[in-house]
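Reading the structure
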Amino acid sequence: MLTTLWWLLSFAVPVLGLYVSVRCPHGKKCQRALLSNNDILLHCNSSGAEWYYFFLQDETNWYSHPHSVSNIEIMPEGSILIKSSLPSQTGIYNCLDKNGIQVVQYEIEFQDISTLHITHRGLGQKPLQNETLSLGGKEIIFTYWEPWQDCNRCGKPGERKCLGYCYIQEPLEKPMPCWFYLGDARLWSSRMRPEMQVEACNVQCKTSDGTDITFDSFELSEESGSAWLTCRSGSIYRPIIWEANSTPLTWQGQLSGQDVTTILDPSNGGRRLQVFQPAIYTCFVQQQLIARFNPRPDLDVLEILQREEAEHQPEAGWARKGKADTVFKGLKLMLLAGTMLGLFGVLLKLFRPSRNKRSNLTLLVK
């Protein structure tokens, strides 16, 4: 059985941005379970670090980075980022410095979030009970629970959640994540899956610096009659809540069957919401407004308005043309009048004697 230093890792997983951040003391080996389908940041404080990993499912090969695993990348400071982690990527992750000396080793088990067992205390639902592993011994399958997360609302009734992972423990031994413990043993039980427990909460609001708010629009698909909305920075590891027209959408409402017009996606802790009717949807992460989604205007109404406008366009065109003709005729009349006045002035100048000639003529008469 693997020797681990699993107690050095706190089960209160810190979340920085969209990443679940996992740390291990320098020169140590740390083991823990996490939920798949999340972005995981494994820290290694070593510039120019090299990573080697071994996937339990593969069983034979050690991989060095970079290689063909498209969702794994090394960060500039030496840490490794696993995007949308997969259960098949359960394994050992070694970080070596530029001299080939091991800095840290992680043994990470990504438990399949699609098998998540969800219960709500307000509905009287109970989490999974401990069971005995059927290998002829006294091994116990149990759920190792993280601390409760913060309430997802403040100043109003809300909910908070607690995540748990499948662990197995032998008498007088330290517990291990289920699949690390089983290793090559081909054993499966419906008990071996992660859990999420939810309960009601009500806390006072605290002052905060605020965050940027995303404004977006949506329309229901003609095929499914629904639309998917995503709350950025939301995660199953962070308190998150959706509202429809200022009405909270709760896990209790979904699990009890009361909310039938929306579905919180369990595979990401409700970060994504499926909606079946137009409304103004808002999402809050850690009690702060993150995004607002407005339904797009009815396309049928827009088409009617555009059609009516198109029908009136010919009439408006004839009206504009008639007005232009009237103005053109007025301009022609003004031009003609100006020409006539000019000719009249020329004729007067030709046939009317000048003042000097008129004086000479007067003198001759005398």
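What comes next concerns the included structure. No experiment lies behind these values; they were computed from the predicted model shown.

Joining two cysteines, a disulfide is a covalent bond between their sulfur atoms. Scanning the entire structure with this criterion turns up six disulfides. Put simply, Cys-24 and Cys-30 are joined by a disulfide, and their sulfur atoms are 1.9 Å apart. Here the disulfide of Cys-24 and Cys-30 is right-handed, its torsion about the S-S bond being about 80°. Both residues of the pair, Cys-24 and Cys-30, belong to the buried class.

Its identity as a non-glycine residue notwithstanding, Asn-37 has a phi of 70°, on the positive side. In this fold, Asn-37 is placed in the loop between strand S3 (29–35) and strand S4 (39–42). On the basis of relative accessibility, which here comes to 36%, the residue Asn-37 falls in the partly exposed class. Of note, the phi angle at Gln-286 is positive, near 50°, even though the residue is not glycine. Position of Gln-286 relative to the elements: it lies in the loop between strand S23 (281–285) and strand S24 (288–295). Relative accessible area serves as the criterion here: at 42%, Gln-286 is assigned to the partly exposed category.

Rules behind the numbers
- Residues numbered from 1 in each chain as written.
- Predicted model: local features only at pLDDT ≥ 70, side-chain atom pairs only at ≥ 80, totals over all residues.
- Heavy atoms only, no water.
- Disulfide = S-S within 2.5 Å.
- Buried < 20%, exposed > 50% of the residue type's maximum accessible area, 1.4 Å probe, protein only.
- Helix = DSSP H or I, 4+ residues; strand = E, 2+ residues; numbered from the N terminus.

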